[in-house]
Structure formats: C-alpha cells, structure tokens
Amino acid sequence: MIHILHRFFFPFLQTHSLQDLRQQAPVAAKVFVQRDYTSGTICQFQTKFPAALETRIDKQQFEDTIRKLNSLYAEAEKLGGRSYLEGCLACLTAYTIFLCMETHYEKVLKKIANYIQDQNDKIYAPRGLLLIDPIERGLRVVEITVFEDRSTGPGR
Amino acid sequence: MDPGMTECQYSQISTVASSPMESQLGKKIPKRKWQTFPGRNKFYCNGRIMMGRQTGVFYLTLVLIVVTSGLFFAFDCPFLAYSLSPAIPAIGAFLFLFVMGMLLRASFSDPGVLPRATPDEAAHLECQIADDGINSPGSGGCRSPPRTQEVVINGQTVKLKYCFTCKIFRPPRASHCSLCDNCVERFDHHCPWVGNCVGKRNYRYFYLFILSLSFLTIFIFAFVITHIVLRSNQTGFLSALKDSPASVLEVVVCFFSMWSIVGLSGFHTYLIGSNQTTNEDIKGLWSSKRGKGNYNPYSYSSVITNCCAALCGPLPPSLIDRRGFIQPDTPQTAIQSNGTTAYVAPQPQAPMCDQDQCIQGTKFVFQAATTPLLHSDPISLGSVPPLLGKIPLGVACSTLSYPAQHAAAASMPSRPWEGQALAHRDPEHEANRQLYPQAPGLGAYGPSSQDSLHQDSVRGLVKLSSV
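Keep in mind that this is a model prediction, so the values were computed, not measured. (Residues numbered from 1 in each chain as written. Chains lettered and ligands numbered in written order. Predicted model: local features only at pLDDT ≥ 70, side-chain atom pairs only at ≥ 80, totals over all residues. Heavy atoms only, no water.)

Let us look at the interface of chain A and chain B. Each partner contributes residues to the interface: chain A has 35 residues there, and chain B has 44 residues. Summed over both partners, the interface of chain A with chain B buries about 3,100 Å², with 65% contributed by carbon and sulfur atoms. Considering only the surface of chain A that becomes buried against chain B, Y37(A), Y95(A) and R140(A) emerge as the three largest contributors, covering 23% of it. For the pair chain A and chain B, the number of links is 2 salt bridges. Here K30(A) and D120(B) are joined by a salt bridge, their closest N and O atoms 3.3 Å apart. At the boundary of chain A and chain B, one finds 5 residue pairs in polar contact (both at pLDDT 80 or more). Counting only elements with at least two residues in the side of chain A that touches chain B, the list comes to α3 (18-24), β1 (27-34), α5 (81-92) and α6 (104-124) of chain A. Taken together, the residues of the side of chain A that touches chain B sort by class into 18 nonpolar, 10 polar and 7 charged. (Contact = heavy atoms within 4.5 Å. Buried area = accessible area lost by both parts, 1.4 Å probe. Salt bridge = Lys/Arg side-chain N within 4 Å of Asp/Glu carboxyl O. Polar contact = N/O pair within 3.5 Å; in protein donor to acceptor, adjacent residues only side chain to side chain. Helix = DSSP H or I, 4+ residues; strand = E, 2+ residues; numbered from the N terminus. Nonpolar A, V, L, I, M, F, W, Y, C, P; charged D, E, K, R; others polar.)

Rendered as structure tokens:
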C-alpha cells in the first residue's frame, strides 16, 4: 500500500532516470556507511543501520543490501585457484594480457554496479533514497543520498 | 597549451587544482580527473602514466640499466655467443626486457592512492564523532575528529589514524606519503629509484623488478668476468682489457650495485613471506619483542600463502579514476568554496569547519585569480621542500634509507613532541593546519599558493622537529 502511494506521489522516480532524480529532487541529507575493518583490509562495510534511514527503509532490507555488497567484494578479492592462475598468466605475459582482457576484480565491480543499479530501481528510488556505488567514493563509504519526502498524502 | 586534447603528449600538470570557473565560463573541453588531482603527482600521456614528483633518480636508474646492458650486448655478447653459446645473449635479452617492463610498470602505475574525502564525507565524519560525545558538544558545531580509532583485527588491536590532509581515517596498513601528499593503501615506502610510491597495486611489480634486476646484475657480472677470462687465455689479460674496455665499466657498475640490489631482494622476500610492509617492519609493529601476544594479524597460515597473496593475488583497480571526466555535479575535494550552497542540509554541517571553508575559499580565490598566470608559465617545482627533497635523492633505496624516508612519510609515535598537548595530532599535518589559516593574511602568496603552503608546511615540520 505504501509502495503504491509512493509510486503515485513520485511518478518522476519511475519515468525518469536516476540521474534526473539526482538533479531534480532536493537533497535532505546524506548518510555514509563506513568500512568495517574487523576482518582485515578486505573491502567490507558496516551493517549497522543508520539512524537517519529509520523512517525510510526497512532495517532488514538495508542489511541485506550491505551483506550482498560485502559478499560481492569478498568474491572480488578472494584468493583461490582462479586468482592465482590469472596472476601467474599475467606475470608470464609481462602483464600485457590485461590489454585485451579484464581482471577478475573489474568483472566483479561491473557486477556490483549492476546490482546497485538494480537495488536503486527496485527498492531505494521508490523510497526517495539513492545508493552511490562505493567505487565512486574510493571504496571508503557507501553513500546514501536521502531526498526530501514530498508526499503530502496520509503519510507512510 | 591544452593537455586534455592531444594523446601521449608529455605535459606536466601543476599541482594547483584548476578552478571550476573555467568550465563555468563556457569552455567546452571536459576536464579529466587527473588534471585536478590534489596530490603532488605528475601525469603523462593524458593521465595514463602517473609518477611521483621527483623523477631525477628514476632517469638515473633507467640510464644505468640501459647503458650497462647495452654495453654488455654490444661488446661481450658477440664473443660469448661465438665461443660459448648463443643462448647467453638470448637469456640476457629476456632478462633485460623483463626488468624494463617491471620497472616501467612499477613507476608508471597508481600505487594504490586513496582519493581524498568529499566535503560531505569529511563533514559527516567530524559531526558524527562530535555527536557521539567524544568531543565536548561545544560552541558552534563540530570539532575535528580524534586522532585515532581502534579496531580489532583477528584478535590484534590496530589503531586507525585520521589523516588531516585527506580527511579520512586511514585503512589499516595505509600511510600518508608526504612526498606525494597522498594516502596510499598498504604503503611500503616511497622509492626514489622507481620515482613513485610502492603500495598495494604496484608492490608485485616492484618486487619482480628488484628480483629480476638481481638476476640481471649477477648474470652480466658473471659473463663479463667469463669473457675477460676467456680472452685472457687467448691473448693475455691486459690486451683482453684493451680489446674490451666497456667490460671494466660493466664490472664496476655490477659489482657495486649487486650488493644493495641482492640485499634488497632478500629483504623484500622476507617481507613477503611474513606479509609485512617495510613500514611495519621498521616500526617493529608485529615483532614479538613488543609483547608476548603480539603477532601479525594480516599474515596467512603459511609462507607460501603469503607469497601467493602478494604476488599472484587479485589486482585491485585504481581508486582515483584518473582518466575519468569530471562530472559537473560530482563533489570535488578542496574546490568547493562554500559547503552550504550545494545542499539543503538540516544538519549543522555549514557552520562546522568554518576554518576549512575559509581556507578552501581562499585557495579557490587565489586559484581563480591566478589561473591565467598558471597556464602561461609552467609551475617550477624546483623549489621543492628542501628537507624532504634531499632525503630521497642520493640515498640508496636500501634498508638504511627507510628510516629517513619513513620519518618523512609517516608519523612516528616515538617522537618527543608527541607527548605535548599541541601535538596530539600528526605533527606534519598539524603544521599544515596551523599554517593554512595564515594564508589569507599573506598577500604575497600568488600563483604558487598551494606549493608554497606545502613548503611552509615542511618548514613548520622542520620547526617542530627542533622542539
């Protein structure tokens, strides 16, 4: 029901691209999800639910998103047969092989970008939120832009 | 002079960020991110090549390797190929090409620079910590965050330091290189021979470079001696030397460089096996001397895993995206003059960091006012901070030099001034922060405002070091 109301009051979120969303709607706040270093230097983000998002999104959904992102980054940095093979092959070809093929990490980053786009379209944009891909912030934070809630209806 | 247009044109870019006013004035050429990069790096080939600031010693390295190898191929190889085997010049050529490839790769790639925080992030970090009650909720907004944060990694407590230049809490194993003015991930050291920092992304190239260079040096040394000996058997020692004078030069160069290069390779092999950086080893962070339960939390279970991880692990991408185009709505670091204009933020972000806003605003004004001057006249970086400039030049990239470079590159907790109330902050960054507020008052800072601020920060550092 709430989703329908949101779709009614936020038609521009559905028909316009997220880029337009960034430019048209005024930004109420920005929330930053910091890195979690308890497992070392690998890229992981804290799953602690930020207070500013309490009124906007489900805690579970947020945690699911962050956990999925963490698992994707773990996949990118995983040490295993595949990464060793890639490393050795690259060394033998004096790293010229990367002129024609992408590294495993880059492939996973593309997957992450698609996942974030998908999440934004399905879950975050309808709630007036926007996830920014961490790679655009140097893998320091997951930035969530909170747009002003223009809904004048009976509320959420 | 338009570096953005031509491909592969060697153009040095000034470290002063170009002002966004240019794009506002209607210039259609979109700027690439390397052109406004805030660190002290040099970019070539339209952002494809990235090096540290002082490249003189790098050219010396290139000359030494190329000349010595060239002399070997020209004077010794014909004789050796004829009398021993043609495999010798072939192996020599392979080694030489591998060494050059690894050297260029180590020198030209991004070592793992961490991009600086956007103004929003920096503001959020400072206010968040203030709200948590760590700083006293005082008059008018947030203060700067405390210097360190502690985190437990694999059972060891690690301190994350706040970098005042980059406005981030440095990830574990990262360090700020004062020569390049960047935070670098898994910072090993700044190598003047390679002309770049050695960090997460180029450590394997650096290691393969010194390893293959040791092989090459030993190879050339051994075969030049063989050549002289074989010739002496035929014609006598003195005439052998006369026939092949270049061999003497090669032997001398190889002999003197062999010890340091082989030693360095051995040292780095040890570091890789124990999964430490030069930085950590010098500080003795994980040595058992510090305490009974002290161990390296980053080390894997075995030496082989450590080696594989360092050399064959996944290659992380560059975080600075130097060839990307600057988007008009992207938050830029150190360019925004007034954080309040862009966003309607109910949080008290605007009054916070007034000092920083003032500083950035002043910088922006200086840059804008002096932009025409900058373009007509390349910024000469010759008046580089004398203290830091002298430390790497002429000092071998060996274990002996690491303390000196390390002292310049990172803060050491054992410095005497740490105990003072003034320096609960990183001393060199404290110097930066102290000097910036004076910038508005010093009208003499013209076109090289940012460079002279850096120089002043170093002078400040020197003053602090005399305390």
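Further notes follow.
Below, the discussion takes up helix α3 (residues 87-108) of chain B. Compared with an ideal rise of 1.5 Å per residue, which puts 22 residues at 32 Å, α3(B) spans 31 Å between its outermost C-alpha atoms and is within 8% of the ideal. Among the residues of α3(B), those classed as buried are I88(B), G92(B), L95(B), F96(B), F98(B), V99(B), M100(B), M102(B), L103(B), A106(B) and S107(B). (Expected span 1.5 Å × (residues − 1). Buried < 20%, exposed > 50% of the residue type's maximum accessible area, 1.4 Å probe, protein only.)

Turning next to the confidence of the model for chain A. All names here are of chain A. Overall, the prediction assigns chain A a mean pLDDT of 82, with 80% of residues at 70 or greater. No element of chain A has a lower mean pLDDT than helix α2 (residues 11-15), which averages 46, and none a higher one than helix α4 (residues 59-76), which averages 93. Confidence drops under a pLDDT of 50 for residues 11-16, and excluding neighbours within four residues, the segment shows 9 contacts in the predicted structure. Under a pLDDT of 50 for its full length, residues 152-156 has, in the predicted model, 8 contacts with residues more than four places off or in other chains. (pLDDT = per-residue confidence, 0-100.)

Attention shifts here to the nonpolar core. Within the largest apolar cluster, 49 residues are counted, with the highest numbers of intra-cluster contacts made by I65(B), F72(B), F206(B) and F209(B). At the level of elements, β2 (49-51), α2 (56-83), α3, α5 (203-235) and α7 (246-273) of chain B are the ones that each hand at least two residues to this core. Ranked by residue count, the leading element in this core is α5(B), at 14 residues. With 36 residues, the next largest nonpolar core counts I66(A), V146(A), C166(B) and C183(B) among its residues. (Core = buried A, V, L, I, M, F, W, Y, C linked by side-chain atoms within 4.5 Å.)

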